Amino acid sequence: MCLVKLIKDFILIFVFLFSMFFVAAQAQEKVPVEERWGQLQHRNPEIAGSLLQAFKQGTASGQFRYFFMATNNDAPFTDYFANAVGVSLKFETAAFHHFQVGVGASSIFNVGSSDFTKPDSWSKQNNRYEIALFDIENPSNKSNIHQVEDLYLKYIAKNLQISFGRQGIHTPFINLQDGRMRPTSVEGLWGNYQKGKGIKFEIGYLYRISPRSTLSYYKVGKSIGIYPSGYQEDGAKSNYKNNLESKGILLFGITAPVGKHTKFQIWNQFVENIFNTSLVQADIGIYAKRNHHFSVGVQSIFQTALREGGNENVHSTYFSPKTYSFTYGAKVSYQRKNAEASINYNRITSLGRFLMPREWGREPFFTFLPRERNEGLGDVDAWLLKLNYSFPSLRLKTNLGVGYYDLPSVKNYKLNKYGLPSYAQINFDIRYEFRDLLKGLEAQLLWVHKINVAKEPLENVNIIHKVDMTQINAVLNFRF
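About the cut-offs
- Residues numbered from 1 in each chain as written.
- Predicted model: local features only at pLDDT ≥ 70, side-chain atom pairs only at ≥ 80, totals over all residues.
- Heavy atoms only, no water.
- Helix = DSSP H or I, 4+ residues; strand = E, 2+ residues; numbered from the N terminus.
- Phe/Tyr/Trp six-rings, centres within 6.5 Å; stacked < 30°, edge-to-face > 60°.
- Buried < 20%, exposed > 50% of the residue type's maximum accessible area, 1.4 Å probe, protein only.
- Contact = heavy atoms within 4.5 Å.
- Patch = residues over 30% accessible without salt bridge, like charges linked within 9 Å, V, L, I, M, F, W, Y side chains within 5 Å.
- Areas by Shrake-Rupley, 256 points an atom, 1.4 Å probe, with all protein chains shown as cover.
- Salt bridge = Lys/Arg side-chain N within 4 Å of Asp/Glu carboxyl O.

Undergrad: Sorry, what's going on with unusual backbone geometry here?
TA: Excluding glycine, a negative phi dihedral is what most residues carry, and trans is how most peptide bonds are arranged. The omega torsion of the bond from alanine 75 to proline 76 falls at 15 degrees, within 30 degrees of zero and hence cis. In this structure, proline 76 sits in the loop between strand S1 (59-73) and strand S2 (80-92). The phi angle at histidine 97 is positive, at roughly 55 degrees, despite the residue not being glycine. Mapped onto the elements, histidine 97 comes out in the loop between S2 and strand S3 (99-110).

Undergrad: How do you make sense of the packing of aromatic side chains when you look at a structure like this?
TA: By convention here, two paired aromatic rings are described through the distance between centres and the angle between planes. For the structure shown, the criterion picks out 19 aromatic pairs. Seen from their ring centres, phenylalanine 55 and phenylalanine 91 are 6.2 Å apart, and the 20 degrees between their planes marks the pair as stacked. Remark: phenylalanine 91 occurs in strand S2 and phenylalanine 55 occurs in helix H3 (residues 51-56); sequence separation between them is 36 residues. Here phenylalanine 55 falls in the partly exposed class, since its relative accessible area comes to 40%. Ring centres 5.8 Å apart and planes at 35 degrees place the aromatic pair phenylalanine 478 and phenylalanine 480 in the tilted group. For phenylalanine 480, a relative accessible area of 16% corresponds to the buried category.

Undergrad: So what exactly am I meant to see when it comes to the environment of methionine 181 here?
TA: Checked against the element boundaries, methionine 181 lands in the loop between strand S5 (160-167) and strand S6 (185-194). The exposure class of methionine 181 is buried, given its relative accessible area of 10%. Those residues in contact with methionine 181 that sit more than four places away from it in its chain are Arg65, Phe67, Ala84, Val85, Gly86, Ile108 and Leu133.

Undergrad: Help me out: how do you make sense of a nonpolar patch on the surface in this one?
TA: Residues Ile162, Phe164, Leu189, Tyr193, Ile199, Phe201, Ile203, Tyr205, Leu250, Phe252 and Phe270 make up a contiguous nonpolar surface patch of roughly 930 Å² in combined accessible area. Of all the elements in the fold, those that place two or more residues in the nonpolar patch are S5, S6, strand S7 (200-210) and strand S9 (249-258). No other element matches S7, which puts three residues into the nonpolar patch. In this structure, leucine 189 sits in strand S6.

Below you can see the structure in the form of structure tokens.
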């Protein structure tokens, strides 16, 4: 019966979305595949003369993805693997009297993986990485993983866009974080205005969030705590899941050029009743001659609790009342033709924990490397060396990241929310883009190795999935 239901659900979703894709494909202009997703942003707002034409002249895009992930934890801890296959399809109408409609959905299938319902026998910890390819709220769910990610009405006029409904956005604090099978999506009102190639304003009010690896849209307060919540500052288990109240998130950002070689950003995120976060960042070109480019970047982030941080009970709140956090970072980068190298540094001061709900996106630090975060920490010194090199004739891109992260003691709960020990991390990412008959297909291989550099004895819960581990990710993407 489960198999019959699975096939039925998949056929209904696929037929519905594919029919929209087929109608649009018959009428749309021949546009290069890589331009279709963002094409409508540049169209004449009055391109369609009727509602029927708006649908016939709409554009469709999609992606098939296969994802293999395997994590090897040093003995005696459990190793895990996963195989996931998914399809996502999106259709957006042409503009009709300045308005467009967009709809998109995805389906994911577990085609052979470890048993995520069984915790590791030594640490009693559940799987951390592979389960995120599927449904983290139901580890036994292998097939009923469907989601409507986009369902919005958009208004466009010259340099202005305003969207209402379900959609994806990219900001320093809420972003797609799409390194799994499906990205994070939000629900609300989002607008941006760009004056030529200069100043860009973005503002929005969000009232629901669908974190990646989940199947529902949650009110803002309910969306915090779906992922593991760690410890409160006194060492007690955090209990804020389903105990936070918020009327929503107000986000505002300005990106502006200053002179010819400098870009300046200011962002503020106000999470009603819980906390406020502000970011200032500048990216400055200091030398550009022929094929040689030097640049520097600086960043600072300040956070403060609002009211009681989400709940009057100290064990059920997210951001401890009357507390703050402050971080700053810098990077120096050099580019020459197909090569780029950078040295990155980030400091989270001992003023308090840097808190950013992991359900909402990845942190904006210069020292970020995929598969680990420094969210939930204070008193951190992080260094990262990044080397990128591309081979255009071979359609190959390579990326190497080597980081060192000096963290407070795993027992210092005030500044270490998840019991993460100091670690070193090495990431190697290689991507190949196919051409000709296989145009649209891209292969990626990501190798991750994390090393324990803590100067203290560690318990099992501080090791598994955190240090002394190696992970392989092999991904095939076909975008159309």
